[in-house]
Amino acid sequence: MASALVIVAPGAEEIETIAVADVLVRGGHRVVMASTTALTMVLGSRGLPLAAHLRYDDLPAQAFDLVYFPGGTGSAEVCRDDVRLQELAQQQLDAGRYLVAICAAVTALLPRGLASGRRLTSHPSVRDQLEPQCAAWCDQPVVIDGHLITSQGAGTALELGFALVELLGSRHAADQVAAAMVARRYPVTVTTAVP
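Procedures and definitions
- Residues numbered from 1 in each chain as written.
- Predicted model: local features only at pLDDT ≥ 70, side-chain atom pairs only at ≥ 80, totals over all residues.
- Heavy atoms only, no water.
- Helix = DSSP H or I, 4+ residues; strand = E, 2+ residues; numbered from the N terminus.
- Buried < 20%, exposed > 50% of the residue type's maximum accessible area, 1.4 Å probe, protein only.
- Contact = heavy atoms within 4.5 Å.
- Areas by Shrake-Rupley, 256 points an atom, 1.4 Å probe, with all protein chains shown as cover.
- Lys, Arg positive; Asp, Glu negative; His and termini not counted.
- Charge placed at Lys NZ, Arg CZ, Asp CG, Glu CD.
- Core = buried A, V, L, I, M, F, W, Y, C linked by side-chain atoms within 4.5 Å.
- Arc of directions from axis to C-beta.
- Expected span 1.5 Å × (residues − 1).
- Pairing = 2+ DSSP bridges.
- Right-handed = clockwise from strand over helix to strand, strands pointing away.
- Polar contact = N/O pair within 3.5 Å; in protein donor to acceptor, adjacent residues only side chain to side chain.
- Axes fitted to C-alpha atoms, helices over the stretch in contact; angles between N-to-C directions.
- Left-handed = near helix turned anticlockwise from the far one by under 90°.
- Nonpolar A, V, L, I, M, F, W, Y, C, P; charged D, E, K, R; others polar.

## Remarks on the overall build of the chain
Each helix and strand counted, the chain has six helices and twelve strands in total. Projected onto its principal axes, the C-alpha positions of the chain cover 40 × 40 × 30 Å. Put simply, the chain has 195 residues, and 53% of those count as buried. Restricting to contacts in the chain with at least 6 residues of sequence separation, those with at least 24 account for 63%. For the chain, the accessible surface area stands at approximately 8400 Å², while carbon and sulfur atoms represent 54% of it. Of the side chains in the chain, 14 bear a positive and 19 a negative charge, and the two mean positions are spaced by 3 Å.

Structure, rendered in structure tokens:
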């Protein structure tokens, strides 16, 4: 069983936040949802409440196998601008652990140059921000480049979850979760790790 940290920030896209966390739990992994605010509940991008297990500042000192940044404009800005999350993102990749971002939250890779030399995807609305730094922007639901995994948006959140279950466990486990959910799987673009 792997451990996954899901960042819950004001303005997070609800589907992207919950769908990925849900699929990971169905795949047998431990998910911790941490709020970036002083409260454990924030409003998502559509005004729906999103609850976290605890505040980010109350997280125990531990490494997570996977850290996930959901999109939504508000969440993307927090992940990009919050020094705590920037440090976390850098540490994940430096340690060879998974860093995952979807939709506009992929822009959180820019401040520290984490997109440099990488193949990735994002919501098309932020493509122009990413292309100057990344090796290639791919019009694919999910792109895996070493320990960096990116996805396009709410409509690709389930496939992102399945891809993560496969990475953390097996293709068989991901296929079982998808079948139980009556969901169709799509091809994932995989590239070799960046040295």
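## With respect to the nonpolar core
Nonpolar side chains in soluble globular proteins tend to be buried together. In terms of nonpolar packing, the biggest core is built from 34 residues, with Leu-24, Leu-66, Tyr-68, Ile-149, Leu-160 and Leu-164 touching the most fellow members. Counting only elements with at least two residues in this core, the list comes to strand 1 (3-8), helix 1 (14-26), strand 2 (30-35), strand 6 (66-69), strand 7 (98-102), strand 10 (142-145), helix 5 (157-168) and helix 6 (171-180). Top contributing element to this core by residue count: helix 5, with seven residues. Those residues in contact with Leu-164 that sit more than four places away from it in its chain are Val-20, Leu-24, Leu-66, Val-100 and Ile-149.

## Quick notes on helix 2 (residues 73-81)
Every α-helix winds through 3.6 residues per turn, so residues three or four apart in the chain are directed the same way. All of the buried residues along helix 2 are Ser-75, Ala-76 and Cys-79. Projected down its long axis, helix 2 carries its buried residues within an arc of 100 degrees, all on one side. Its buried side turned inward, helix 2 meets strand 1, strand 6 and helix 3 (83-94).

## Observations concerning helix 3
Across its twelve residues, helix 3 extends 16 Å between first and last C-alpha, which sits within 8% of the 16 Å expected from 1.5 Å per residue. When we look at burial in helix 3, the residues that qualify are Leu-85, Gln-86, Leu-88, Ala-89, Gln-90, Gln-92 and Leu-93. Packed against the buried residues of helix 3 are strand 1, strand 6, helix 2, strand 7 and strand 11 (148-151). The first or second residue beyond helix 3 is Gly-96, which carries a positive phi of 75 degrees.

## Remarks on the pairing of strand 2
The buried fraction of strand 2 is high, at five of six residues. Looking at chain direction, strand 1 and strand 2 are connected through six bridges and run parallel. In the sheet register, Leu-5 faces strand 2, and the bridge partner there is Val-32. Considered for its hand, the β-α-β crossover made up of strand 1, helix 1 and strand 2 is right-handed.

## Description of unusual backbone geometry
Residues other than glycine seldom take positive phi values, yet Cys-103 does so here, at roughly 60 degrees. On the secondary structure map, Cys-103 appears in the loop between strand 7 and strand 8 (119-120). According to the relative accessible area criterion, Cys-103 is buried, its value standing at 10%.

## Things to note about the side chain of Thr-17
Relative to the helices and strands, Thr-17 is located in helix 1. Leaving out residues up to four positions away in the same chain, Thr-17 has contacts with Val-6, Val-8, Ala-12, Met-33, Leu-50, Tyr-68 and Pro-70.

## Observations concerning the side chain of Gln-152
Along the chain, Gln-152 falls in the loop between strand 11 and helix 5. Separated by 3.0 Å, the side chains of Gln-152 and Asp-139 make a polar contact. The contacts of Gln-152, once residues within four sequence positions are left out, are Ile-102, Cys-103, Thr-121, Ser-122, His-123, Trp-137, Cys-138, Asp-139, Gln-140 and Pro-141.

## Here we look at the packing of helix 5 against helix 6
Where helix 5 meets helix 6, the axes come as close as 7 Å, and the angle between the chain directions of the two elements is 150 degrees. For helix 5 against helix 6, the interelement crossing comes out right-handed. Of helix 6, the residues touching helix 5 (which contributes Phe-162, Val-165 and Glu-166) are Arg-171, Ala-173, Ala-174, Val-177 and Ala-178. Of the residues that constitute the contact of helix 5 with helix 6, the class distribution is six nonpolar, no polar and two charged.

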